[in-house]
Amino acid sequence: ITSNRFLRGACPAGGCMMSMCCDHRVMSSVGSIGLNEVQLGIPVPKYWGLLMAKLIGTKAADKLLLTGKLISPAEAKALGMVDQVVDKGQVLEAAEKVMAQLVKVPGGAVKATKVSLREDFCNAWQQYYIEEPHMAWAVLNKPETLRTLEAALQRLSSGNKGGLSNGRQQQPAARM
């Protein structure tokens, strides 16, 4: 199976993880992508972080993961997190064009290559998945995590679109 993801707008957290699992990613020129869990007081799930490191390299992944920074489409392309950046109105067309080329490659060869490149990683992730929910629940139940999540939700509900970028709560604009 060949997978191709097209991204329009924001692609944080789980959306970013799902994108990183795909063979090809086309992103609109307007948006952001990244694993921003640490800005919410939540550790990045282990294999999400390892997947990012496999995709863009350990040093670049460390910088993004430890800050929770969401990056621009241009930055994502430069790092290799996305393969193509196009105007917003051309995302679907570009993704379809790529898929038309990808499906021409003999499927058996693609499958065998994917297995040899990814099987060990996938098996390790599958084994870890049994432990992961218990560890996540323990973190999500911590009072400091709940306070951070509550503050983030308040910032987002106040209309602050960049509410997670600097960790400070901003006051809503005065209404006239």
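Residues numbered from 1 in each chain as written. Predicted model: local features only at pLDDT ≥ 70, side-chain atom pairs only at ≥ 80, totals over all residues. Heavy atoms only, no water.

J.: Can you help me understand helix α1 (residues 13-20) in this one?
T.: Helical periodicity: at 3.6 residues per turn, an α-helix aligns residues three or four positions apart in one direction. By the burial criterion, the buried members of α1 are Cys-16, Met-17, Ser-19 and Met-20. Along the axis of α1, the buried positions cluster into a sector of 160°, meaning they face one direction only. Check the buried side of α1 and you find it contacts β1 (4-12), β2 (24-34), α2 (46-56) and α6 (107-128). (Buried < 20%, exposed > 50% of the residue type's maximum accessible area, 1.4 Å probe, protein only. Helix = DSSP H or I, 4+ residues; strand = E, 2+ residues; numbered from the N terminus. Arc of directions from axis to C-beta. Contact = heavy atoms within 4.5 Å.)

J.: I tried to follow the sheet that holds β2 on my own but got confused; where do I start?
T.: Think of a sheet as strands paired side by side through backbone hydrogen bonds, with each pair either parallel or antiparallel. Pairing is parallel across the open sheet formed by three strands, whose spatial order is β1-β2-β3. Edge positions in the sheet fall to β1 and β3 (84-86), since each has one partner strand and no second. Put simply, the sheet's adjacent strands are angled 35° from each other on average, direction ignored. Here β2 runs beside β3; their pairing, made up of three bridges, is parallel. For Val-26, the partnering residue across the bridge sits in β3 and is Gln-84. On top of the sheet, α1 reaches β1 and β2; it is set at about 160° to β1, its chief contact. (Pairing = 2+ DSSP bridges. Axes fitted to C-alpha atoms, helices over the stretch in contact; angles between N-to-C directions.)

J.: Is there a simple way to think about the environment of Pro-43 in this case?
T.: As for its position among the elements, Pro-43 is in the loop between β2 and α2. Separated by 23 residues in the primary sequence, Pro-43 and Leu-66 have C-alpha atoms spaced 9.0 Å apart. Residues contacting Pro-43, with those up to four places away along its chain left out, are Glu-37 and Val-139.

J.: Looking at this structure, I do not really get the pairing of β1. What am I missing?
T.: Taken residue by residue, a regular strand's side chains alternate between the two faces of the sheet. Across eight bridges, the pairing between β1 and β2 is parallel. Within β2, the position partnered with Gly-9 by the bridge is Gly-31. With respect to chirality, the unit in which β1 leads through α1 into the neighbouring parallel β2 is right-handed. (Right-handed = clockwise from strand over helix to strand, strands pointing away.)

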